Amino acid sequence: MKDEVPNLKDFDQRLRDEAAEEPTLEVPRGEPTKKTQIIAIYGKGGIGKSFTLANLSHMMAEQGKRVLLIGCDPKSDTTSLLFGGKACPTIIETSTRKKLAGEEVKIGDVCFKRGGVFAMELGGPEVGRGCGGRGIIHGFELLEKLGFHDWDFDYVLLDFLGDVVCGGFGLPIARDMAQKVILVASNDLQSLYVANNVCSAVEYFRKLGGNVGVAGLVINKDDGSGEAQAFAEAVEIPILASIPQNDDLRKKSANYQIVGTAESEWGALFAALGDNVAEAPPMRPTALSQDELLELFDGSETGAGVELVPATDTDMRGKNAKPMKSLEVVYDEA
């Protein structure tokens with residue numbers, strides 16, 4: 001008896017009809033099913049996510065909260081700051097090593113503690129040997145095997161690279177893994193471009209029925225020029241904290257010193273940030289266009305007045321350019 005052949009023509013049409021449907025703008029709203037708040041922190045590389053998160057997690061633990069900090073940036077710098085510069089074994093490298101030895105990964109192999117904070121790093125592949133986003137996906141698959149959904153924490157903080165919101169780096173937004181997102185940026189165009197890009201991703205997945213929202217913006221290295229403040233107002237999200245551009249903070253961060261503690265002069269700032277992070281609801285941002293983002297800055301700094309002049313074929317050929325024969329018909333005068 002021959003196998004029944006599926007009607008691929010009908011299947012193809014169903015796919016086309018589905019692709020043509022506009023995503024609904026209705027966002028499902030419901031009560032959280034778990035007491036754990038999972039919060040993803042996004043920002044441009046080098047903007048201070050790890051500095052903010054290491055100190056925030058330490059302060060929240062001092063406030064009596066059970067906190068798990070997971071570094072999801074291939075640079076693995078989140079836990080390095082928390083552990084005084086010591087690099088803890090990453091989940092990806094530990095998994096590879098254990099697999100080669102025929103052993104199972106255990107919690108104690110990848111999770112470490114300091115000041116009441118539980119912390120681990122997902123890690124990333126070696127340069128040219130794999131995809132960082134795929135490494136993130138593999139890391140979370142392993143966390144699920146280790147019992148991630150049964151762990152008892154008040155807060156799980158995820159440190160994500162925000163320069164590219166795709167693949168594994170977009171997991172918390174695309175798959176509703178987190179309840180809310182926190183942005184870290186400064187008063188510069190590049191970091192606000194990344195923050196706006198994340199807002200755009202959140203906005204897109206909310207249209208598809210997602211629930212993740214943006215809780216607010218942390219301004220790091222705030223010099224008082226006001227662009228980040230203007231951005232927050234434009235996309236309609238609150239500012240959770242403004243960490244000043246300060247030489248003492250810079251030196252302490254460079255020396256892997258924790259300032260998110262009551263014993264530090266900066267303790268009150270991070271205590272307030274901890275309260276704001278806990279209470280801030282997930283908002284639905286309104287991402288800016290490129291032109292709207294540029295308008296937040298002084299035109300002299302962003303190239304105002306510059307016109308886009310189209311190049312010609314002659315421009316591109318340079319010294320190799322030759323006059324083209326005209327096809328115009330020229331009539332002799334009678």
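The structure presented is a predicted model; accordingly, all values stated were derived computationally and were not measured.

## Quick word on the packing of helix 8 (residues 189–207) against helix 9 (residues 227–235)
At a closest axis distance of 11 Å, the pairing of helix 8 and helix 9 adopts a crossing angle of 15°. On the basis of their axis angle, the class for helix 8 and helix 9 is roughly parallel. Handedness of the helix 8/helix 9 crossing: right-handed. Where helix 8 abuts helix 9, its residues L192, A195, N196 and C199 lie against E227, A228, F231 and V235. Classifying every residue of the contact of helix 8 with helix 9 by side-chain character gives six nonpolar, one polar and one charged.

## A look at the packing of aromatic side chains
The full count for this structure, using the stated rule, is six aromatic pairs. Each ring, one from Y42 and one from F160, has its centre 5.5 Å from the other, and the planes form 25°; the classification is stacked. In this pair, Y42 is assigned in strand 1 (residues 37–43) and F160 in strand 5 (residues 155–161), connecting sequence segments 118 residues apart. Of the residues examined, F160 reaches a relative accessible area of 0% and is grouped as buried. An angle of 70° between the planes, with centres 5.4 Å apart, marks the rings of F118 and F153 as edge-to-face. Within this pair, whereas F118 is found in strand 4 (residues 117–121), its partner F153 is found in the loop between helix 6 (132–145) and strand 5, the two being separated by 35 residues in sequence. On the basis of relative accessible area, F153 is assigned to the buried category, the value being 7%. Members of the aromatic cluster, connected to one another through ring pairs, are Y42, F140 and F160. Geometry around F153 places R66 over its ring, the cationic atom sitting 4.9 Å from the centre.

## A short note on the sheet that holds strand 7 (residues 213–222)
One open sheet accounts for eight strands, arranged 3-4-2-5-1-6-7-8; its pairing is mixed. Strand pairing shows two members of the sheet lacking a second neighbour, strand 3 (112–114) and strand 8 (239–244), which therefore form its edges. Along the sheet, successive strands turn relative to each other by an average axial angle of 20°, direction set aside. Two elements, strand 7 and strand 8, share four bridges in a ladder whose sense is parallel. Note that in strand 8 the partner of L217 across the bridge is I239.

## Focus on the confidence of the model for the protein
When pLDDT is averaged along the protein, the result is 82; 80% of the residues meet or exceed 70. Mean pLDDT across the elements of the protein ranges from a minimum in helix 1 (residues 8–20), with 55, to a maximum in strand 8, with 96. A low-confidence stretch, residues 22–33 (pLDDT under 50), is modelled with 16 contacts involving residues beyond four sequence positions or located in other chains.

## A short note on the pattern of salt bridges
Overall, the coordinates contain eight salt bridges when judged by the stated rule. Linking K251 and D247 is a salt bridge whose minimum nitrogen-to-oxygen distance equals 3.3 Å. With K251 and D247 both in helix 10 (residues 247–254) and four residues apart, the pair spans about one turn of that helix. For K251, a relative accessible area of 44% puts it in the partly exposed group. Within this structure, K35, D152 and D154 form a network of salt bridges that share partners.

## Here we look at the nonpolar core
In summary, soluble globular proteins display a tendency toward joint burial of nonpolar side chains. Residues I70 and L183 are the most contacted members of the largest nonpolar core, which totals 49 residues. Ranked by residue count, the leading element in this core is helix 8, at six residues. Non-local contacts of I70, meaning those with residues more than four positions away in its chain, are made with M120, L122, L143, F148, V156, L157, L158 and D159. One finds M60, A61, V67 and L249 within the second-largest nonpolar core, a separate group that totals 36 residues.

## Considering the pairing of strand 1
When you tally the buried positions in strand 1, you get seven out of seven residues, the bulk of the element. Side-chain alternation along strand 1 places Q37, I39, I41 and G43 on one buried face and I38, A40 and Y42 on a second face that is also buried. Direction of pairing for strand 1 relative to strand 5: parallel, over a ladder of seven bridges. Residue pairing for strand 5: Q37 is matched across the bridge by Y155. Bridging between strand 1 and strand 6 (residues 180–185) involves five bridges; their strand directions are parallel. When the bridges of strand 6 are listed, I41 appears paired with I182.

## A closer look at the environment of A262
Tracing the backbone shows A262 in the loop between helix 10 and helix 11 (267–279). On a C-alpha basis, the gap between A262 and Q63 in space is 9.5 Å, while along the polypeptide they are 199 residues apart. Apart from residues no more than four positions distant in its own chain, A262 is found in contact with M59 and E62.

Cut-offs used in this document
Residues numbered from 1 in each chain as written. Predicted model: local features only at pLDDT ≥ 70, side-chain atom pairs only at ≥ 80, totals over all residues. Heavy atoms only, no water. Axes fitted to C-alpha atoms, helices over the stretch in contact; angles between N-to-C directions. Helix = DSSP H or I, 4+ residues; strand = E, 2+ residues; numbered from the N terminus. Parallel < 35°, antiparallel > 145°, perpendicular 65-115°, else oblique. Left-handed = near helix turned anticlockwise from the far one by under 90°. Contact = heavy atoms within 4.5 Å. Nonpolar A, V, L, I, M, F, W, Y, C, P; charged D, E, K, R; others polar. Phe/Tyr/Trp six-rings, centres within 6.5 Å; stacked < 30°, edge-to-face > 60°. Buried < 20%, exposed > 50% of the residue type's maximum accessible area, 1.4 Å probe, protein only. Lys NZ or Arg CZ within 6 Å of the ring centre and 35° of its normal. Pairing = 2+ DSSP bridges. pLDDT = per-residue confidence, 0-100. Salt bridge = Lys/Arg side-chain N within 4 Å of Asp/Glu carboxyl O. Core = buried A, V, L, I, M, F, W, Y, C linked by side-chain atoms within 4.5 Å.

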